[in-house]
Every structure is written in C-alpha cells, then in structure tokens.
Amino acid sequence: MKSTAQVVVIGGGVIGASVLYHLTRAGWTDVVLLERRELTAGSTWHAAGGMHTINGDPNVAALQRYTVQLYEELEKSSGVSCGVHLTGEVMLADNEDRMDWLRMVHARGRYLGMETELISVAEAAQKVPFLVEEHFVGALWDPVGGHVDPSGVTHAYATAARMSGAEVYRNTWAYDIVANSDDTWDVVTEQGTITCEHFVNCGGLWAREVGRMCGLELPILAMEHQYLVTEQLPEIAPWLEETGGHGVGAIDFGGEIYTRAEAGGLLLGTYEKACVPWSTTETPWDFGSQLLTPDLERIAPSLAAAFEHFPIFADAGIRNVVNGPFTFAPDGNPLIGPIRGQRGHWVACGVMAGLSQGGGVGLAMANWMTTGDPGFDVWGMDVARFGDWTTPSYTKAKVMENYSRRFSISFPNEELPAGRPLHTSAIHDQLDAANAVWGASYGLEYPLWFQRPGAEAVEQVTFHRSNAFDVVAEEVHATRTGVGLLETTGFAKHEFTGPGARAFLERTMANRIPEPGRMALTPMLNHQGMLIGDFTVATISTTTDPTDGSEGPERFLVFGSGAAEGHHERWFRSQLPHTGDRVAYRPLSHEMAGLSISGPAARQVLASLTDMDVSNDSFRFLDVRRMDLGMVPALVARISFTGDLGYEFWVPASLQQRLFQLLTEAGEPHGMRLFGLRALDSMRFDKGFGAWASEYRPVYTPWEARMDRFVKLDKGDFIGREAAAASLAAGPERRLCLLDVDVDGADALGDEPIWHDGEVVGWVTSGGYAHWSEVSCALGYLPVALTGTDSPSTGFEVEVLGVRRAATRLDEPLFDPSGSRMRS
Ligand SMILES: Cc1cc2nc3c(=O)[nH]c(=O)nc-3n(C[C@H](O)[C@H](O)[C@H](O)COP(=O)(O)OP(=O)(O)OC[C@H]3O[C@@H](n4cnc5c(N)ncnc54)[C@H](O)[C@@H]3O)c2cc1C
C-alpha cells in the first residue's frame, strides 16, 4: 500500500467510486480509495437501482440528468456493464395539488433542457396498463428514468479510475484520521498509514463515524427502507414485449409507492409514514453486506394502496423482500464539499439516491477539489448549509420527517414542523403573542407575517396565493405609509477585528471597505470571479465605541445572508491564513440581536429615542453610529432592505427585549406595525433588489447580477479581480432583470422558464407580489440581447404552473426609482 497520496477517498460505495473516477478524469491520478470490505459493502449492494431525473430542486435535477447520461460513457471507458435500463417513468398525480407540483417540475425542467411531458391518465395507462385510472388525475412522463445495476456501476467507476492510475485497496479499514501540523492528514488503516493532502469521507452508512474521527458530528442518519419483488406474473411478459423488453417505471405519489418490472414480476418499494431509523447512535463496524428483518406490517398501508391502484399486486406472490438501511441528511439532499475550518477535509455523504445522483456528486467534488469551484450550482447540497445547531436529535427528527414525506407534495410556502422551534430570539414570546406565523432558517425561528388578532396563526399551504396575501398587503401598506418594525436577528453578522482586519477585508471583498462610521454594500468573489457573497460592511471606530475592547483602531461588522452563515464562515476561515497580518474573526450568530424600522415615519421614531441629531444631514444614508436609545446602547445603521427610509439596530441579545419595548412605545403614535419576511420580500420586489441564494449565487458573475457599481476593479488587488476583469471584458452573457407578470392568482416563485418568441430564453430566480406597486413580479436572468433598454420590453412570457403568462421587462424599479426615499 502507498504511504502517501494526494487524495484518499474513504469508502467504496457508489459515491466513493464516483469521486475517485471523477478525480482521475480531472487529471488527479495520485488518488487512492480505501474500502473496509468489498466494494458496495454498505448500502449500495442492496439498492433497487432506480434512477430518475425529476427533482423539485432544478439543480439536483440537473445533477441527476448528468448521472443518468454518464452511464453510457462509463460503460465504454471501463468495459464494465452498468446494466442500464432506460425504461422511462410515469409520475402519477392523484389530485390537483400534485398535478400543480408536476406542472411546476415540468416547467422548471425546461430551461435545463429536460424533455418531460404532461400526459393524461389514459395515456399513462397505455404505458402502465395495470393501473386503475380513477385513482389518478394526470401524470408526467419522463423518458430518461430507469434503473441500473448498483454493483455494475460501482465497479465500472472503480475500473475506469484504476485504468487512469488510481489505486483501490479493499479490506482496508480506515480507523483513525490525524491532522498533521503541515496541513496534511494521516489516514490510519489496518494495513498502514497514508499521508495525504486531502481526504474525502464517502463512508455512506459509516460517514457519521468517519466524521467523528475528526471531531465532526455530521447531520446524517440511516433509515430502514423496504422493497419487494413479486413472483413472475403472466401480464408482465406481453408488457415487456410491447415496451422494448423493459416495461415502464411508475411513481404513485398518492399511494407513496414506486414500481417497475423485475425478473418477470414487479418490484414495489415504498417510503412509509411509520418509518424507522437504523442505528441512531452508531453504525456497528461489523455490519457487513447484510439485510435487516423485513416488516411488511409496517408498509401495510402502502400495500393496501398498491392493491387498490394496481390490482395486479393483490394476487401476486412475493418472491423476495429487501429491507436495508441508507442515509439521509435533514432535508434529503446530499452533503458535499469542504469542511469549515479543516483544510483538506471533504465529505460526499448522505446521498439517498446514489444511482441517480452519484455521477453529479462525483463531478462536483472533483471540480471543487481540483479548481476550487464545484462548476455548477450545488447550493442545495453544500454541507455548509447546516451549522453546529444540527445535533443528532435534530437530525433524527428532520430525517424521519423527510423520509415519511418523500412522496408528499412540497408546497412552496410550507414550513415543516419537525425539530422546531429550536433557536428563538429574546423577543420570540412577544412576537408569538402578536400572532406571528413562524418560519425557520439556519436553526432560528423568524416571523413570516403576523396573523390578524383572533385568527389562527397558520398559513394555508398552496401553489397559489395563500391566506397570508391580504394580511401581508396590510403590513406593506402600513410600512410604506407610516412605519413598520421587523426582527432581523436572523441576518448573519461576521465580526473582524485586529490590526490586519481592514487589509483582510480589502482582499476578500470587491468593493472598497468604508471609513469609520460608514457602510458599504459589497459583493465577494471567488478566484474564478464568481459571486460567492453579498454583504453590507460596517466600519466602527473602536475609539468612539468604548464598549468595544478589541485590538486595533477599527471593528468591522459584515452583515449577510443568515442561511449562508456557514458557507461564508468556511470561506473566511479558509482565507485567514493567507494574510500575514493579525485578524480576529468570529461569526456573532445569535449573540447579537437585530431590529429594524422602516417607512417615512421611521426618523421620527428614532428621534424620539435619542438626543443625537438624526436629521438627514447628520445621519446620512449608509452611516452607522453607536447611540444610546434610552438605557440601551445600540449600533444604529441607516439602511433598509425595504428600499425605504430605515434603520437597523444591533444590540447584544440580552438587550433585545428592552429595545423592542422602546421601539414599540415610540412607534405607537405613528401606528407602527410589525411585519415579517413575506412583507420584506414584497417590498424588495418593488425595488427589484436581488437576494442571496436567489438572484445572487456562485454561478453568476457580478456583471450578470448587475452589481457593477459595487465592484472596484481599480481599488488594488482582491480575490477574483483578474477573473472579474476578464469576464467584464468578454461581456456578460446574461443579465438580471425585473419582470411584470400578468398572472391569475398564482405568482411566479423561482425556477420558472422565461419564454420569448416561442423559445425558453431564461429563468426566474424569485418571484412574488409587490403589494405596494400592485404588480406580480419576477426577477430572473435573460440573454444580454434581450436586456438592453433599446430592445423591446414586451413579448416575454413566464410559465407559471404550466401556463405561459405575458410578462414585460421593467427597466427601472416600481417604487422610488431615484432612491430618494432611502436617501433623504
Ligand atoms: C432498500 C434500498 C433501496 C434503495 N434503492 C435505491 C434506488 O432505487 N435508487 C437509488 O439511487 N438509491 C437507492 N438506494 C440508496 C442507495 O443505496 C444509496 O444512495 C447509495 O448506496 C449510497 O452510496 P454510498 O457510497 O454513499 O454509501 P455506501 O454504499 O454505504 O458505501 C460506503 C462504503 O464505505 C465503506 N466504509 C465506510 N467507512 C469506512 C472506513 N472507515 N474505511 C474503509 N471503508 C469504509 C463501507 O464499507 C461502504 O462500502 C436504496 C437503498 C436501500 C437501502
């Protein structure tokens, strides 16, 4: 066995083998894979082998499509059969809500080039003749679904990787991982130790245990999963003949089952509601290629549905039942990427659909490791989306919820209840008493909107406008005409201090870092010049803030997306060692609490709480000051995401209740009203403001995202400058645009295709109703040729729930285009 390697991949399931293969394809050949037993000896060997391209998240769908399309090439390059059966799949809807979901998935697939088709129940019955039509209302046909041989796929990846120089060590258990002082790792195995620059945890059922070798508690848990195969059935042979020998796969969402032809009979699998986690605290190392005891009683409701919806099952004998464990993350998406604060430690685990997703996961990992960029949008799969708040109990609650809802409809306005509330801010009870309807992000509860007094604080889930619509309109109106109060504790706050802090931020941010007392909006770019963050940087002079004991003349607070706190912390920590100067960095997380007021009366509210001059001349837009508001020392920042006159207040969490009381009392004479994130979103559409994770993602350049004025190529060197200059010189291919969409009771939400002249030309990044302007808006990316003010602004269509709605490009914000409300 080698004693050194550039990369050690731990785990020889389908994921480890794919990572190894893709690394060699990217040109890294000093790579080895360690497998404790034989390849596939985790969950891979007993997988049903199903592969689908359909997924509610279009980025995951793209990764699945890549995987399915890779198999042909893989077979050629390895000479190993993957047992591919491209049967096509029928996704059956049992009600109109599910049909809406399928319409949405179908529309979203368009801009990814996916060739799905909405079909009638009668057409579905032609493909799957043993279904009972009356149980369904329609279906989606995906010609690219099917199934593969999991063992063949794993061996094909490993063989192709070996042919390019990789080495695979079977029966080699990695039982310890040690960090060396020179940034390398020792992976300790029964056959000796390998020192490496990078290691990848592809431990599958044991990924949690591998993580623990480095002090990491990964949010994954294995669940038991069952499928059965029937005896041969006389109806199957003629069906196979008609369909080219392989039948057609079917997913019956209402019955919560999937089925396909298998060995002259049928395979039937289910994600049952009464689901059971497996090995909740630790996966035994002596668990081999074993199965668990079948429990047909547990899946009895699914079997009953199968008998009704597909009567062919009722009299079929069962040949075989498989019950095996496989792992899930809390949201059911893979966990991939580098680990925060541990250089060279990578994970690719929690992949619950390895045969659909394994290829894409391997490609993203190889791109990321060899170039620093995953190469496509992996936001929904990045391990950094979970922070330290994901304890094993939280993971268990969420994984069970996710498993049991695998075939349930996910509504766009749905907030799932498991594992909540977890973190709450200091004013949670007051907001609850004010009838807040709650959402959660990065572990923290936040108000979505405030239900009217006496009504139940619940939002109906729907693809159309919900019961929140009219109430959110009132919140927006109260804010735009008077003043509104929003809780902002969920924003991320990254603190930088020390003599080297300014130089560090100048190097990491694309805009100039402001002088003390001022704030600046700034994008953050990676080395490829792509957008990896958008922040407000506030510079606070430590000489004027006596409460601050930090070293150095300035303290910097960098405010950003709360959901991306882990992503950004990982990036900041990875860059810290590169500067010679001393910089202290810490995410302030929930220890710093926030409140914000906005609207034309906001200044009067503030003025009533402080002796300081807060007139427009003395306290300008983007100023930041330490102020005493009554007894509360607060940082007050003149900024608001509503696009109105507004102020943000930042205090230690222990002072938030007092500040809330002060603001509530001071706001009362002005009719101040609480508002939540739904109203904030509505007001950002008035202004056409982009938001992180929607308009701003690492797949866009700052020029595409229209952040031109915040990128200072002439300020000196910063990360991504050269690449950004090159992409500017080349000219952006697409630009972010605001559209006015002529809808009918359902707004665009995000990921809908944008049509022009009968062709899909772009996609929506987020959408919603701008209540103040009374316009249904969509933000999205369009080819540059269709974005100039000299090109016609009409002729666009946005496909909302399967219907193409006329849309007009708006070349200036709907509300206050000159920005005078914010600035005066
Ligand atoms: C009943 C059932 C049906 C399924 N059906 C489907 C399906 O139809 N389609 C689909 O896409 N997916 C299906 N799956 C899920 C699929 O099995 C998983 O997505 C996939 O196997 C995950 O692969 P993996 O490589 O991440 O993990 P694993 O297969 O668990 O592989 C991990 C490997 O790492 C090795 N290992 C762990 N720790 C160490 C260590 N310290 N040192 C050395 N080696 C180590 C293990 O021995 C193991 O071989 C099904 C799963 C089950 C249980």
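Described in the following lines is the structure provided in the data block. Quick caveat: nothing in here was measured; it's all calculated off a predicted structure.

For the protein, the count of helices and strands is 19 helices and 38 strands. Considered along the principal axes of its C-alpha atoms, the protein spans approximately 85 × 65 × 50 Å. Buried positions account for 60% of the 824 residues belonging to the protein. Long-range pairs, those at least 24 residues apart, make up 71% of the contacts in the protein with a sequence separation of at least 6. By element, 50% of the accessible surface of the protein is carried by carbon and sulfur atoms, the whole surface being about 30000 Å². Looking at the protein, you have 63 positive and 105 negative side-chain charges, and the mean spots of the two groups are 6 Å apart.

The subject of this paragraph is the sheet that holds strand E26 (residues 554-560). Taken in spatial order, the five strands line up as E24-E25-E26-E23-E27 in an open sheet, and their pairing is antiparallel. Pairing within the sheet leaves two strands with one partner each, and these edge strands are strand E24 (519-525) and strand E27 (584-587). Neighbour-to-neighbour, the strand axes of the sheet open up by a mean angle of 25 degrees, direction not taken into account. Sitting on the sheet, helix H13 (residues 501-508) touches strand E23 (492-497), E24, strand E25 (531-541) and E26, and the angle it makes with E26 is about 30 degrees.

Moving on to the environment of Glu704. In this structure, Glu704 sits in the loop between helix H17 (677-687) and helix H18 (721-730). You can call Glu704 buried: its relative accessible area is 6%. Linking Glu704 and Met530, residues 174 residues apart in sequence, is a C-alpha distance of 9.9 Å. Leaving out residues up to four positions away in the same chain, Glu704 has contacts with Val699, Pro732, Glu733, Arg734, Arg735, Leu736 and Tyr781. Separated by 2.9 Å, the side chain of Glu704 and the backbone nitrogen of Thr701 make a polar contact.

What follows concerns the pairing of strand E4 (residues 89-93). Counting buried residues along E4, five of its five residues qualify, which places the element largely inside the surrounding structure. Of the two faces of E4, the one lined by Glu89, Met91 and Ala93 and the one lined by Val90 and Leu92 are each fully buried. Pairing analysis gives five bridges linking E4 to strand E6 (residues 138-142), with the strands arranged antiparallel. Paired with Glu89 across the two strands is Asp142, which belongs to E6. Here four bridges tie E4 to strand E13 (residues 249-252), and the two strands are oriented parallel to one another. From the neighbouring strand, Glu89 faces E13, where its bridge partner is Gly249.

Another aspect to go through is the site of the ligand. Around the ligand there are 39 residues in total, and Glu35, Thr44, Gly50, Val351 and Gly354 lie nearest to it. The separation between an oxygen atom of the ligand and a polar side-chain atom of Thr44 is 2.5 Å. At 3.2 Å from an oxygen atom of the ligand is found a main-chain nitrogen or oxygen belonging to Leu205. Protein contact buries 98% of the 1000 Å² of open area that the ligand shows by itself. Elements represented by at least two residues in the shell around the ligand include exactly helix H1 (14-25), strand E12 (221-230), strand E17 (318-328) and helix H9 (354-371).

Let us now look at the packing of aromatic side chains. Each aromatic ring pair is specified by the distance between its two centres and by the angle formed by the two planes. Scanning all chains against the criterion turns up 35 aromatic pairs. Measuring from ring centre to ring centre gives 5.5 Å for Phe328 and Tyr403, while their planes differ by 75 degrees; the resulting arrangement is edge-to-face. Note that Phe328 is positioned in strand E17 and Tyr403 in helix H10 (residues 392-404), a separation of 75 residues in sequence. The interplanar angle of 50 degrees and the centroid separation of 6.1 Å between the aromatic rings of Phe491 and Trp650 together place this pair among those described as tilted. In this pair, Phe491 sits in the loop between strand E22 (484-487) and E23 while Trp650 sits in strand E31 (residues 646-652), placing the two residues 159 residues apart along the sequence. On the basis of relative accessibility, which here comes to 3%, the residue Trp650 falls in the buried class. A network of ring pairs unites the aromatic residues Trp101, Phe253, Tyr258, Tyr271, Phe326, Phe328, Tyr403 and Phe407 as a single cluster. For Lys127, the ring lying beneath its charged end belongs to Trp141, and the centroid distance is 4.0 Å. The ring of Trp755 has Arg804 sitting right over it, with the charged end atom 3.7 Å from the ring centre.

With the rule as written, the count across this model stands at zero disulfides. Cys82 forms no disulfide, and the closest cysteine sulfur to it belongs to Cys202, at a distance of 18 Å. Take Cys82: its relative accessible area is 0%, and that puts it in the buried class. In this model Cys196 remains outside any disulfide bridge; the closest cysteine sulfur is found in Cys214, 10 Å from its own.

Looking now at the pattern of salt bridges. Evaluated as defined, the whole model comprises 47 salt bridges. One salt bridge connects Arg260 with Glu262, and the closest N-O pair in it is separated by 2.5 Å. What makes Glu262 partly exposed here is its relative accessible area of 29%. Its salt-bridge partner being Asp628, residue Arg626 comes within 2.9 Å of it at the nearest N-O pair.

Rules of the game
Residues numbered from 1 in each chain as written. Predicted model: local features only at pLDDT ≥ 70, side-chain atom pairs only at ≥ 80, totals over all residues. Heavy atoms only, no water. Helix = DSSP H or I, 4+ residues; strand = E, 2+ residues; numbered from the N terminus. Buried < 20%, exposed > 50% of the residue type's maximum accessible area, 1.4 Å probe, protein only. Contact = heavy atoms within 4.5 Å. Areas by Shrake-Rupley, 256 points an atom, 1.4 Å probe, with all protein chains shown as cover. Lys, Arg positive; Asp, Glu negative; His and termini not counted. Charge placed at Lys NZ, Arg CZ, Asp CG, Glu CD. Pairing = 2+ DSSP bridges. Axes fitted to C-alpha atoms, helices over the stretch in contact; angles between N-to-C directions. Polar contact = N/O pair within 3.5 Å; in protein donor to acceptor, adjacent residues only side chain to side chain. Near = heavy atom within 4 Å. Phe/Tyr/Trp six-rings, centres within 6.5 Å; stacked < 30°, edge-to-face > 60°. Lys NZ or Arg CZ within 6 Å of the ring centre and 35° of its normal. Disulfide = S-S within 2.5 Å. Salt bridge = Lys/Arg side-chain N within 4 Å of Asp/Glu carboxyl O.

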